[in-house]
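Observations on chain architecture
Letter by letter, the chains look like this.
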Amino acid sequence: METLSPADGSRVRRIAAELKDQPGPLLNILHQVQGELGCIPAGAVAILAETLNLSRAEVHGVVTFYHHFRRKPAGRHVVSLCQAEACQAVGAAALTGHAQRDLGVALHQTTADGAVTLEPVYCLGNCAAAPSAMIDGRLHGRLTAQRLGELVRGLRGAPGKGASGS
Amino acid sequence: MSATVYIPGDAGAQSVGADEVAGAVRQEAARLGESLRIVRNGSRGAYWLEPLVEVETDAGRRAYGPVTVADVPGLFSAGFLRGCAHALALGDIARHDWFAGQQRLTFSRVGIIDPASVADYLRHGGYQGLTQSISAGAAATVQAITDSGLRGRGGAAFPTGIKWRTVLEQAAAQKYVTCNADEGDSGTFADRMLLEGDPLSLIEGMTIAALAVGATRGYIYLRVEYPHALRALNTAIAAARQAGYLGPNVAGSGKSFELEVRLGAGAYICGEETSMLESLEGRRGEVRVRPPLPAIKGLFGQPTIVNNVVTLCSVPWIAAHGARAYADFGVGKSRGTLPIQLAGNIRRGGLIERAFGLPLRELLYDYGGGSASGRPIRAVQIGGPLGAYVPASQFDTLVDYEALSSVGALLGHGGIVVFDDSVDMARMARYAMEFCALESCGKCTPCRIGSVRGMEVIDRILQGVDGERNLRLLEDLCDTMVQGSLCGLGGMAPFPVQSALKHFREDFHARR
Ligand SMILES: Cc1cc2nc3c(=O)[nH]c(=O)nc-3n(C[C@H](O)[C@H](O)[C@H](O)COP(=O)(O)O)c2cc1C
Ligand code: SF4
Ligand code: FES
């Protein structure tokens, strides 16, 4: 099992200590850990299990149940393309195909330079302005292959969220 | 005097450039030395007109849209701050044909007020419902909700008043009010619009519920895909607390109510209420076996109200205007209004709130203006990924619970997704199975395994292997899932498949 850096280990301990007395705290803790570390590393699972008096299997079971939690960090930018019905009705499949070709990756993959992770998402609540995508937490609607291409090319040059400090 | 300009801060409006337009308006005003105040309101729901910019004039609000950054200098030089004519001018948007016939009760403030301002909320009738219900008392409030005929808008359409009465009748030291803001259904965004555009109405609705049943804590379970709504909610909760509408002495009632937002983590099944409760407790979102009902043993084992965002946001209007006034809208057992969400391949998509009982055709063609592609509409899916596909031959069906169920469809959360004649219904059926497989909580075999088998069987049909036999197999599999699943995911995922088989069987053939 990979071990956490001492710095990350103490961050996880601090988060767990801060939140563990909330009722039913685990999801909140996982959100916070992923927010700070970019993912939920296996080493964090062990610490959380110990702090919360749960088995590792239980914590692991929660982490893996939810699509949102990552076990490995994403690229510097995350592009989530909606695959659900309203977006399909206006060409989401073709748009996804374009993005995959543009980036040279499939869904769930990260470009070799670590710049962009491409992911599926199932409805962003923007179904009247479909097709939609979420890029680094920003919603984009009425997307065309050209517009998505511009947005994605813009990302590859741009510094990541971490680097820009935003 | 400085002008007031409304530019939606709604995520959907942002998705088509509202922030950039706001930036350009601010910049152009500075360049011209015009002083103005920009309010980031919610969206009025006409997404086909977004970004929709409105200015406050002596004659009332005047709208322009859809506005792009390039339009901004021209708008200023045409005098839009005084409501002057321009190619994008729409006049008083409330009188626009798309809005004029709407009956906005639940959405009465959305797109109009500043969602972060308690003062604005109060000016537009906010907290009248809470005040009324505090003076009416708990039992009368629950009775009013029952008499209004309000049924849950999250999908199951259960009478809200009956649920509340059950919680009221439980003797327990701790009760909870929870709001289901997981809005996972494709084609739906009514919750999101309310959360972003009028979050105080949700807070008021939950507060009315809490005081009526004796709950002191509330949770809003919000899907993680809605970061804009999270910000809007947290801002509104802080503002309500500051103004004395949340906390130890709610609106001077002597009662306490604390409210907190908890984020989901990208699991569709967590919209199912017992799965949501598991998730709120910090566990895997596995569906619970019922009984016990959440109203009896819900969150942390205590009596709990679970209601959808739209349901709870309808409560303040009912509490303020009376059960009778609400029940006067609608038909049969579908009382009140329904916020319909028109989406997908449609020219004029968005949110239409009307009394129940509008013909589907009127929605699709009068409001929607037909498909966006200009091709004939072939099918609509109503009620999200577990809802049936309705063919064009049934477009005279009325949009209400009973009429839709009479044609084998269901209303769900009120989303209507439009497809033109290029749709491949066998592929949509496959997608329904794929989605079920992806989102199954894994507790029961028909759902977990059946959905995967369903994909395989449809693949074989598309490959031309044993077509007739596999079609029969698919039908049997659907029956097994419907009958053998614990919850609506496995139990309803076959509905889109069965409806596709019934109405569009010609699509289930071999592909080359
Ligand atoms: C698979 C599944 C997903 C659901 N998703 C949601 C949802 O996202 N939002 C919601 O309010 N209700 C959802 N429901 C319905 C809830 O179980 C529940 O009926 C509802 O939250 C109760 O609130 P209401 O009575 O106000 O509608 C879902 C049900 C099922 C079976
Ligand atoms: S039907 Fe599916 S989602 Fe529902 S309880 Fe069974 S396995 Fe879980
Ligand atoms: S289906 Fe794509 S945003 Fe809703």
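Residues numbered from 1 in each chain as written. Chains lettered and ligands numbered in written order. Predicted model: local features only at pLDDT ≥ 70, side-chain atom pairs only at ≥ 80, totals over all residues. Heavy atoms only, no water.

The next point concerns the overall build of chain B. Regarding its fold elements, chain B presents 21 helices and 18 strands. For chain B, whose C-alpha radius of gyration is 24 Å, the value lies close to the compact-globule estimate of 24 Å for 512 residues. Along the first, second and third principal axes, the C-alpha set of chain B runs to 75 × 60 × 40 Å. Out of the 512 residues in chain B, the part that is buried amounts to 61%. Counting contacts in chain B only where the partners sit at least 6 residues apart, residues at least 24 apart contribute 71% of the total. Accessible surface for chain B amounts to roughly 17900 Å². Of this, 51% is attributable to carbon and sulfur atoms. A distance of 3 Å separates the average location of the 50 positive side-chain charges in chain B from that of its 52 negative side-chain charges. (Helix = DSSP H or I, 4+ residues; strand = E, 2+ residues; numbered from the N terminus. Rg over C-alpha atoms; globule rule 2.2 N^0.38 Å. Buried < 20%, exposed > 50% of the residue type's maximum accessible area, 1.4 Å probe, protein only. Contact = heavy atoms within 4.5 Å. Areas by Shrake-Rupley, 256 points an atom, 1.4 Å probe, with all protein chains shown as cover. Lys, Arg positive; Asp, Glu negative; His and termini not counted. Charge placed at Lys NZ, Arg CZ, Asp CG, Glu CD.)

This part is about the environment of L75 of chain B. Residues and elements named next belong to chain B. The topology assignment puts L75 in helix α3 (residues 72–78). A residue is classified by how much of its surface remains accessible, and L75, at 2% relative accessible area, is buried. Separated by 13 residues in sequence, L75 and L88 place their C-alpha atoms 8.6 Å apart. If we skip the residues at most four places from it in the chain, L75 touches Y64, V67, F80 and H86.

With that out of the way, let us pick up the sheet that holds strand β13 (residues 350–355) of chain B. Residue and element names in this part refer to chain B. Ordered in space as β13-β12-β18-β15-β16, the 5 strands form an open sheet in which the pairing is mixed. Here the strands that pair on one side only, and so sit at the sheet edges, are β13 and β16 (389–391). Here the strands of the sheet are splayed against their neighbours by 30° on average, with no regard to which way each runs. With 4 bridges joining them, strand β12 (residues 337–344) and strand β18 (residues 415–420) adopt parallel strand pairing. Across the sheet, residue Q341 finds its bridge partner in β18, namely G415. (Pairing = 2+ DSSP bridges. Axes fitted to C-alpha atoms, helices over the stretch in contact; angles between N-to-C directions.)

The subject of this paragraph is the packing of helix α6 (residues 128–136) of chain B against helix α13 (residues 309–321) of chain B. All names here are of chain B. Following both chains from N to C, one finds α6 and α13 inclined at 60°, their axes separated by 7 Å at the closest point. Between α6 and α13, the angle falls in the class oblique. Pair α6 / α13 crosses with left-handed handedness. On α13, the residues that touch Q128, G129 and Q132 of α6 are P316, A319 and A320. Within the contact of α6 with α13, the residues separate by chemical class into 3 nonpolar, 3 polar and no charged. (Parallel < 35°, antiparallel > 145°, perpendicular 65-115°, else oblique. Left-handed = near helix turned anticlockwise from the far one by under 90°. Nonpolar A, V, L, I, M, F, W, Y, C, P; charged D, E, K, R; others polar.)

Right, let's get into the site of ligand 1. Residues and elements named next belong to chain B. Close contacts around ligand 1 come from 21 residues, with G154, N180, N307, N308 and T311 the closest. Between R153 and ligand 1, the recorded distance is 3.3 Å, taken from a backbone N or O atom to an oxygen atom. At 3.5 Å, a backbone N or O of V306 approaches an oxygen atom of ligand 1. In isolation ligand 1 has 610 Å² of accessible area, and contact with the protein removes 91% of it. Breaking the shell around ligand 1 down by element, the ones donating at least two residues are β9 (304–308) and α20 (488–492). Top contributing element to the shell around ligand 1 by residue count: β9, with 3 residues. (Near = heavy atom within 4 Å. Polar contact = N/O pair within 3.5 Å; in protein donor to acceptor, adjacent residues only side chain to side chain.)

Residue and element names in this part refer to chain B. Close contacts around ligand 2 come from 13 residues, with C441, K443, C444, C447 and C487 the closest. Of the pockets mapped on this structure, ligand 2 occupies the largest cavity. The residue makeup of the shell around ligand 2, split by class, is 8 nonpolar, 4 polar and 1 charged. (1 Å grid on protein atoms, 1.4 Å probe; cavity = no way out; pocket = protein on both sides within 12 Å on 5 of 7 lines; lining within 4 Å. Sits in = over half its atoms within 2 Å of the grid points.)

Let us now look at the sheet that holds strand β8 (residues 258–263) of chain B. Sheet strands pair by backbone hydrogen bonding; their relative direction is either parallel or antiparallel. Residue and element names in this part refer to chain B. With parallel pairing, the 4 strands of this open sheet are ordered in space as β8-β7-β6-β9. Both edges of this open sheet fall to β8 and β9, since each of them pairs with a single strand only. The average undirected angle you get between the axes of adjacent strands in this sheet is 20°. Across 5 bridges, strand β6 (residues 176–181) lies against β9 in parallel orientation. In the strand pairing of β9, C179 is matched with N307. Packing against the sheet, α13 makes contact with β6 and β9, and its axis sits at approximately 95° to β9.

To continue, consider the nonpolar core. Judged by nonpolar contacts, the single largest core of 151 residues is most densely connected at Y66 of chain A together with W164 and I220 of chain B. Broken down by element, the residue count for this core peaks at 10 residues, all from helix α10 (residues 199–213) of chain B. Discounting chain neighbours no more than four positions away, the residues touching I220 of chain B are C179, A181, L202, M206, L233, I237, L259, E260, V261 and R262 of chain B. Membership of the second largest hydrophobic core comes to 32 residues, among which are I352, F356, L363 and A388 of chain B. (Core = buried A, V, L, I, M, F, W, Y, C linked by side-chain atoms within 4.5 Å.)

All right, on to the domain arrangement of chain B then. All names here are of chain B. The domain architecture assigned to chain B consists of domain 1 (3–100), domain 2 (118–327), domain 3 (331–420) and domain 4 (425–507). Each of domain 2 and domain 3 was reduced to a C-alpha centroid, and the two centroids are 26 Å apart. On the domain 3 side, the residues contacting the 22 residues of domain 2 number 24 residues. Overall, the association of domain 2 and domain 3 removes approximately 1600 Å² of surface from exposure, summing both partners, and the carbon and sulfur fraction of that is 59%. Three residues stand out in domain 2 for area buried against domain 3, namely R151, R153 and F189, and they jointly supply 31% of the buried area on that side. Here domain 2 and domain 3 share 1 salt bridge between them. A salt bridge links R151 to E402; the shortest N-O distance between them is 3.4 Å. Our count for the domain 2 to domain 3 interface comes out at 11 residue pairs in polar contact (both at pLDDT 80 or more). Secondary structure elements with two or more residues in the side of domain 2 that touches domain 3: α9 (190–197) and α14 (323–327). Split by residue class, the side of domain 2 that touches domain 3 holds 8 nonpolar, 9 polar and 5 charged. (Domains from an automatic or database assignment. Buried area = accessible area lost by both parts, 1.4 Å probe. Salt bridge = Lys/Arg side-chain N within 4 Å of Asp/Glu carboxyl O.)

Our next topic: helix α2 (residues 18–32) of chain B. All names here are of chain B. For α2, built from 15 residues, the straight-helix expectation of 21 Å at 1.5 Å per residue is met to within 8% by its first-to-last C-alpha distance of 21 Å. By the burial criterion, the buried members of α2 are A18, V21, A22, A24, V25, E28 and A29. Angular distribution of buried residues about the axis of α2 spans 165°; they occupy a single face of the element. Opposite its buried face, α2 presents the exposed residues Q27, A30 and R31, each directed more than 90 degrees away. In the core, the buried residues of α2 are packed alongside α1 (11–14), β2 (36–39), β3 (53–57) and α3. In the stretch just after α2, G33 is the one whose phi turns positive, near 70°. (Expected span 1.5 Å × (residues − 1). Arc of directions from axis to C-beta.)

Per the stated rule, a full pass over the model turns up 19 aromatic pairs over all chains. Summarising the aromatic geometry, the rings of F76 of chain B and F80 of chain B are spaced 5.0 Å apart at their centres and angled 75° between planes, so their arrangement reads as edge-to-face. For the pair F76 of chain B and F80 of chain B, one class covers both residues: buried. For the ring pair Y176 of chain B and Y219 of chain B, a centre distance of 6.2 Å and an interplane angle of 45° mean the geometry is tilted. In this pair, Y176 of chain B is assigned in strand β6 and Y219 of chain B in strand β7 (residues 217–222), connecting sequence segments 43 residues apart. For the pair shown, Y176 of chain B and Y219 of chain B are each scored as buried. Clustering of aromatic rings is evident, with ring pairs tying together Y122 of chain A together with Y268, Y431 and F435 of chain B. One cation-aromatic arrangement involves R61 of chain B over Y6 of chain B; the distance from NZ or CZ to the ring centre is 3.6 Å. In this arrangement the basic side chain of R223 of chain B is found over the ring face of Y226 of chain B, its NZ or CZ atom lying 4.8 Å from the centre. (Phe/Tyr/Trp six-rings, centres within 6.5 Å; stacked < 30°, edge-to-face > 60°. Lys NZ or Arg CZ within 6 Å of the ring centre and 35° of its normal.)

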